[in-house]
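Residue-level structural notes
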Amino acid sequence: EGARRPRPDAQIDVNGYLRILLLFAAFAPAVTLSAQNARVISADAPAVHELWSAQLLVSDAVTPPAAAAPWEAVELPDRWRDPERYTRGVIGWYRFEVPAELAPASRARTSVYLWRYNMVAEIWFNGELLASTGRFEEPVTRNWNRPLLVDLPASAWRRAGNVLHVRLRAYPH
């Protein structure tokens, strides 16, 4: 059976989920976001690219691990409910290869939207830290299932080999 995709209108238990959306919108769009899905509204009809798979590395590293690290493929949303995962650690890195053709046009912007995460997260793009929601060390910042929207600067895009990393600190359930 293939990976299940939640229906946009479904009620979903999202504790511990990680879902990434790349939002492509005209400059200064009107954006409405709900807890169950994301809807972007703009006069220019932006595109939304949902990322449903990633590579995961459970690691305490404070900067993105190398591409040659022992990444494992995961389907999103990724639920940290497996007790074995917590024996390896509570901090994980998600790695996404982002096609260059998704780069913003001259007057557009591209953003990453984490609709919910548990507990603290960082967004890195091509090795540059773009956003951090707090402390990964105790006492850990408690961003329980909050949304996060981060712009990917046009200057950070490469012609090829764009990589988005999300660092996540989660508590065992």
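Conventions used here
Residues numbered from 1 in each chain as written. Predicted model: local features only at pLDDT ≥ 70, side-chain atom pairs only at ≥ 80, totals over all residues. Heavy atoms only, no water. Phe/Tyr/Trp six-rings, centres within 6.5 Å; stacked < 30°, edge-to-face > 60°. Lys NZ or Arg CZ within 6 Å of the ring centre and 35° of its normal. Salt bridge = Lys/Arg side-chain N within 4 Å of Asp/Glu carboxyl O. Helix = DSSP H or I, 4+ residues; strand = E, 2+ residues; numbered from the N terminus. Core = buried A, V, L, I, M, F, W, Y, C linked by side-chain atoms within 4.5 Å. Buried < 20%, exposed > 50% of the residue type's maximum accessible area, 1.4 Å probe, protein only. Pairing = 2+ DSSP bridges. Contact = heavy atoms within 4.5 Å. Polar contact = N/O pair within 3.5 Å; in protein donor to acceptor, adjacent residues only side chain to side chain. pLDDT = per-residue confidence, 0-100.

Some details on the packing of aromatic side chains
Summed over all chains, the structure comprises two aromatic pairs. The cationic tip of R167 hangs over the ring face of F136; the distance from NZ or CZ to the ring centre is 3.8 Å.

Section: the pattern of salt bridges
On inspection of all chains with the given rule, the structure shows four salt bridges. E72 is paired through a salt bridge with R88; the nearest N and O atoms lie 3.0 Å apart. With a gap of 16 residues between them, E72 in strand β6 (residues 72-75) and R88 in helix α1 (residues 83-88) connect regions that are remote in the sequence.

Examining unusual backbone geometry
Here N118 and M119 are connected by a cis peptide whose omega angle stands at 10 degrees. With respect to the secondary-structure elements, M119 resides in the loop between β8 (108-114) and β9 (120-125). Omega for the bond connecting E138 with P139 falls within 30 degrees of zero, at -5 degrees, which places this linkage in the cis form. By the element assignment, P139 lies in the loop between β10 (128-132) and β11 (148-152). Phi at N126 is positive, roughly 50 degrees, even though this residue is not glycine.

A word on the nonpolar core
By size, the foremost hydrophobic cluster in this structure holds 28 residues, and its most contacted members are W80, Y94, F96, L114, I123, F125 and L164. Going through the elements one at a time, β5 (53-58), β7 (91-98), β8, β9, β11 and β12 (162-169) are the ones with two or more residues in this core. Counting residues in hydrophobic clusters, the runner-up holds six residues, among them I91, M119, V120 and V140.

Some details on the pairing of β9
Most of β9 is tucked away, with six of its six residues classed as buried. Alternating residues of β9 divide into V120, E122 and W124 and A121, I123 and F125, and every residue in both groups is buried. Pairing geometry for β9 and β12, over six bridges, is antiparallel. The residue bridging F125 from the neighbouring strand is L164, located in β12. Inspection of the sheet shows β9 paired to β10 by four bridges, in the antiparallel sense. Along β10, the bridge assignment pairs E122 with S132. What sits between the antiparallel neighbours β9 and β10 is a turn of two residues, in which N126 has the positive phi angle 50 degrees.

A short note on the environment of F125
Within the element layout of this structure, F125 appears in strand β9. Owing to a relative accessible area of 0%, F125 belongs among the buried residues under this scheme. For the pair F125 and L152, spaced 27 residues apart in sequence, the C-alpha to C-alpha distance is 7.2 Å. When residues no more than four places from it in sequence are discounted, the contact partners of F125 are V98, L130, L152, A156, W157, N162, V163 and L164.

Digging into the side chain of R95
With respect to the helices and strands, R95 occurs in strand β7. A polar contact is formed between the side chain of R95 and the side chain of E97, at a distance of 3.0 Å. Excluding residues within four positions of it along the chain, R95 makes contact with A54, Q55, A67, W71, V163, L164 and H165.

Brief notes about the confidence of the model for the chain
The predicted model of the chain averages 74 in pLDDT, with 71% of residues at 70 or higher. For the chain, strand β2 (residues 30-33) is the element with the lowest average pLDDT, namely 31, and β10 is the one with the highest, namely 96. Every residue in residues 1-19 is under pLDDT 50, and counting partners more than four places away or in other chains gives 46 contacts. Contacts from residues 22-45, a stretch scored under 50 in pLDDT, to residues over four places away or in other chains number 62 contacts.

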